[in-house]
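Working through the structure, step by step
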Amino acid sequence: MKNIKSAKIIHLTLVLIITFFSCANDEGSITKIPEPIVLSFELVVSQQNTLRITANNTSTGINGLNSYWQFTENGPKVTDEAGPEMHLYDASGDYLVTLTVEAPEGDIQLSKTVTVTDSNEMQPPLKDATNSFSVGMAVKSSQLNTQHSDILIREFNNLTAEFEMKMNIMYPSQGNYDFTAADAIVNYGVDNNMNIHGHTLIWHTATPEWVNNFSGTDEEFEDMIEDYITTVVTRYAGVVRSWDVVNEAIEDNTNNLRNSVFRQRMGDDYISKCYQFARNADPNALLFYNDYNITFDVGKQEATFAIVDDLRSKNLIDGIGAQMHIDIFFPSATQIQSIIDGTVSRGLKMHFAELDVRVNPNNDLTFLTEARAIAQQNKVREVVELYNAIPDANKFALTVWGMRDSETWLIDFWGQPDWPLLYDDIFKPKLAHKGFLEALDN
Ligand code: XIL
């Protein structure tokens, strides 16, 4: 309820802040004000007394709409307390907003209809835009059944654990497996009819210390790895559709294998041993080799093809995952096409894994400018167009590496700001999301 001095003509402007999601981040604080919807009313009054004005949103039964008002008396603006304040709608549609002005000559009611559109509904779900491949998202178990879930269920049909299905989490100490988080993610995916991509059994960066410092013999090490791969893959057999068995086995700018503990303990053929263990545990799971920079790092690309050719000769590989940690400038479409061509010519499936598109690789931004947002939209469109042009038999999934910009692993990794994902911090789809859809809009 607001009190104002009377005037002959009063222009009322009600600013409604419309959103479908609360604007709270994980800590509960408001991170960004969504776009306002402005409603204007004009009221002619004849008396000189104080008026009382209340607003009701009659369609939803929410009373006492507590919003930001501006009162204009014949031109000069009189603004009441600072606003705006947020009003949450939970469904799109037309809402009747009614102002009641209590005046001595009787109440005056003014109504206007506001059309509320869910910003997500303005763009169709990504997964519905294609039948030929799945659209993936990386998640943390802490994000399930939160606001992320609405978007996950609506837009994605392929689920990857961002870090909780790696060895350091699933096998923290010898003989003790911990599948708490992995089970939560897998069960969530099953409950919501998603494909589940297991990521990743062997990765030098996610190797627990006890494995790096393993005190037994090389033979015991190999037995331990066989037990680990067998245990994990068997646990999720028939549920996890695909696995990255070995991740990032090749040194940067070379065609050499990294000298990981696995290579040291099991020999150069540790890779095919690991794939064999996985194949034995679940013959139906699709097995991938996954690495980064393999679109443009020539040595790494050659080494990737050498690894998969060896695995192909033993029927131990089904696809290649090209991590798409890219930026708006690089790599080029031609470079991206080169990994597709090598994958398709080998009859393998192509996973565009871990897509994020940095807009600030040179650290010259403090916020996401429109120009960079458009550049990102263009790059995402290009990547998805390239992916979509792959023959259907070789398509698999295109996975985005995180939901909201603020959640990207890249900020910590590079130590500088960036906005590489498809949603902003209030879960609103960005232009990059539109670019994804544009590529599939036949
Ligand atoms: C990253 C995750 O995003 C982080 O949350 C985690 O702490 C470290 O790993 N290549 C990969 C991914 O294959 O598993 C990595 O994910 C990013 C680089």
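The preceding data block contains the structure.
Report on the accompanying structure. (Residues numbered from 1 in each chain as written. Predicted model: local features only at pLDDT ≥ 70, side-chain atom pairs only at ≥ 80, totals over all residues. Heavy atoms only, no water.)

The next thing to look at is the site of the ligand. Within the structure, the ligand sits among E162, K166, H199, W203, N247, E248, Q323, H325, E354, W401 and W409. At a separation of 2.6 Å, an oxygen atom of the ligand approaches a polar side-chain atom of K166. Contacts to the ligand include E248, whose side-chain N or O atom sits 3.0 Å from a nitrogen atom. For the ligand, whose unbound accessible area comes to 410 Å², protein coverage reaches 80%. Given that more than half its atoms are within 2 Å of the pocket grid, the ligand belongs to the largest pocket. Looking at the shell around the ligand, the elements with two or more residues in it are β12 (195-203) and β15 (319-327). (Near = heavy atom within 4 Å. Polar contact = N/O pair within 3.5 Å; in protein donor to acceptor, adjacent residues only side chain to side chain. Areas by Shrake-Rupley, 256 points an atom, 1.4 Å probe, with all protein chains shown as cover. 1 Å grid on protein atoms, 1.4 Å probe; cavity = no way out; pocket = protein on both sides within 12 Å on 5 of 7 lines; lining within 4 Å. Sits in = over half its atoms within 2 Å of the grid points. Helix = DSSP H or I, 4+ residues; strand = E, 2+ residues; numbered from the N terminus.)

Below, the discussion takes up the pattern of salt bridges. Taken as a whole and assessed by the stated rule, the structure comprises 19 salt bridges. Among the salt bridges present, the one from D252 reaches K300, with a minimum N-O distance of 2.9 Å. With D252 in the loop between β13 (242-247) and α6 (261-266) and K300 in helix α8 (residues 298-313), the pair connects residues that are 48 residues apart, well separated along the chain. Its relative accessible area of 34% is what places D252 among the partly exposed residues. In this structure K300 comes out as buried when scored by relative accessible area, which is 0%. Between D364 and R372 there is a salt bridge, with the nearest N and O atoms lying 2.9 Å from each other. Classification of D364 by relative accessible area gives partly exposed; the value is 47%. (Salt bridge = Lys/Arg side-chain N within 4 Å of Asp/Glu carboxyl O. Buried < 20%, exposed > 50% of the residue type's maximum accessible area, 1.4 Å probe, protein only.)

So, on to the packing of aromatic side chains. The tally for this structure, following the rule as stated, stands at 15 aromatic pairs. Ring geometry for F133 against Y387: centres 4.8 Å apart, planes inclined by 70 degrees, an arrangement best described as edge-to-face. Linking F133 in the loop between β9 (108-116) and β10 (134-139) with Y387 in helix α10 (residues 370-388), this pair joins segments that are 254 residues apart in sequence. Accessibility expressed as a relative area gives 0% for Y387, which makes it buried. The interplanar angle of 85 degrees and the centroid separation of 5.5 Å between the aromatic rings of F214 and F221 together place this pair among those described as edge-to-face. An identical accessibility class is assigned to F214 and F221; each is buried. It is R358 that lies over the ring of W414; its NZ or CZ is 4.1 Å from the centre. (Phe/Tyr/Trp six-rings, centres within 6.5 Å; stacked < 30°, edge-to-face > 60°. Lys NZ or Arg CZ within 6 Å of the ring centre and 35° of its normal.)

Where like charges cluster on the molecular surface, the negative patch consists of E219, E220, D223, E226 and D227. Relative to the assigned elements, E226 resides in helix α5 (residues 218-235). (Patch = residues over 30% accessible without salt bridge, like charges linked within 9 Å, V, L, I, M, F, W, Y side chains within 5 Å. Lys, Arg positive; Asp, Glu negative; His and termini not counted. Charge placed at Lys NZ, Arg CZ, Asp CG, Glu CD.)

Right, let's get into the nonpolar core. With 101 residues, the main nonpolar core has I225 and W243 as its most contacted residues. Once residues lying within four places of it in the same chain are set aside, the contact partners of W243 are M165, H197, G198, H199, L201, V232, V233, Y236, A285, L286, L287 and F288. (Core = buried A, V, L, I, M, F, W, Y, C linked by side-chain atoms within 4.5 Å. Contact = heavy atoms within 4.5 Å.)

Looking at the element boundaries, D356 is found in strand β16 (residues 349-358). No salt bridge forms around the buried D356; measuring N to O, its nearest opposite-charge neighbour R358 is 7.2 Å away. Those residues in contact with D356, other than ones at most four positions away along the chain, are M324, H325, I326, W401, T408, W409, L410, P420 and L421.

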